[in-house]
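Inside the fold
Here is how the chains run, residue by residue.
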Amino acid sequence: MTAVKAAGQVRQRMRCATGESDEVIRRKFMLPERYILTLMTVETLGQERMLLDLMAGGRLGADLVLCGRRSFYADMLLRTARDRRLALRTNFIYEYSPEELSAFFRMADGLGLPAPGNGGRVQPVVEALYAGIPAVLSDTRRNRLTAGDAARYIACPELDELADTLDAILSDSGLRRQVQGCCLRRVERWKTPDDNLRTKE
């Protein structure tokens, strides 16, 4: 999927939103006040385990929300979280609408997709840009073309580098404001004439 097509899908969801407030969705899914969002897939080569490792070591200053289909891999991650006594700080969500997923992005403190297996997944990167949240991504050409300077990149995921990068996006308010400005500039590139007409209306 191209970034332009992904942006069109995000805009369509925004137009078709039910009007259910983010806070209603937060209560429905029992989302924490502060969390890093990640999307579960077997292609990510253990990125979720890295995030759980940071949490177990007291190096992640927010809770973790993991979204994706129920699978053997997801069940394995859930067992790992329980075995490491992280169940109260992790929220596994398997069933949600596209509109609810967009709300998860808007309420998140950041998106964590540092594993190389995410290099071809444009949709979550575009969602993060529209939500105006910082993203920690694998350092691939496609990610850089999509997010530009609105994200932070990790070439070879290591715990120390991932911990420092996540700590920066969670604790540095100046960096967050900078990222939000970058996100706005990136999504402006994907606006269509129809979007401009709706804005005027």
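The structure under discussion appears in the preceding block.
Rules and cut-offs
- Residues numbered from 1 in each chain as written.
- Predicted model: local features only at pLDDT ≥ 70, side-chain atom pairs only at ≥ 80, totals over all residues.
- Heavy atoms only, no water.
- Helix = DSSP H or I, 4+ residues; strand = E, 2+ residues; numbered from the N terminus.
- Salt bridge = Lys/Arg side-chain N within 4 Å of Asp/Glu carboxyl O.
- Buried < 20%, exposed > 50% of the residue type's maximum accessible area, 1.4 Å probe, protein only.
- Phe/Tyr/Trp six-rings, centres within 6.5 Å; stacked < 30°, edge-to-face > 60°.

**So, unusual backbone geometry**
Most peptide bonds take the trans form, and the phi angle of most residues other than glycine is negative. Residues other than glycine seldom take positive phi values, yet Met30 does so here, at roughly 55°. If you trace the backbone, Met30 turns up in the loop between helix 2 (22-29) and strand 1 (35-39). For Arg85, which is not glycine, the phi torsion reads 60° and is therefore positive. Its location among the elements puts Arg85 in the loop between helix 4 (72-83) and strand 3 (90-93).

**With respect to the pattern of salt bridges**
In this structure the tally under the stated criterion is nine salt bridges. The salt bridge involving Asp109 is made with Arg34; its shortest N-O contact spans 3.2 Å. Here Arg34 lies in the loop between helix 2 and strand 1 and Asp109 lies in the loop between helix 5 (98-107) and strand 4 (110-113), a separation of 75 residues in the sequence. Taking relative accessible area as the criterion, Asp109 reaches 9% and is therefore assigned buried. Judged by its relative accessible area of 36%, Arg34 falls in the partly exposed class. With its nearest N and O atoms 2.5 Å apart, the salt bridge here joins Asp75 to Arg70.

**Section: the packing of aromatic side chains**
Under the definition given, this model contains two aromatic pairs. Ring centres of Phe29 and Phe104 lie 5.0 Å apart, and the angle between their planes is 85°; on these two criteria the pair is classed as edge-to-face. Highlighted residues: Phe29 in helix 2 and Phe104 in helix 5, separated in sequence by 75 residues. Using a relative accessible area of 0% as the deciding quantity, one classes Phe104 as buried. For the ring pair Tyr96 and Phe104, a centre distance of 5.7 Å and an interplane angle of 70° mean the geometry is edge-to-face. For Tyr96, a relative accessible area of 27% gives the class partly exposed. Members of the aromatic cluster, connected to one another through ring pairs, are Phe29, Tyr96 and Phe104.

Don't take any of this as a statement about function, it's just geometry.
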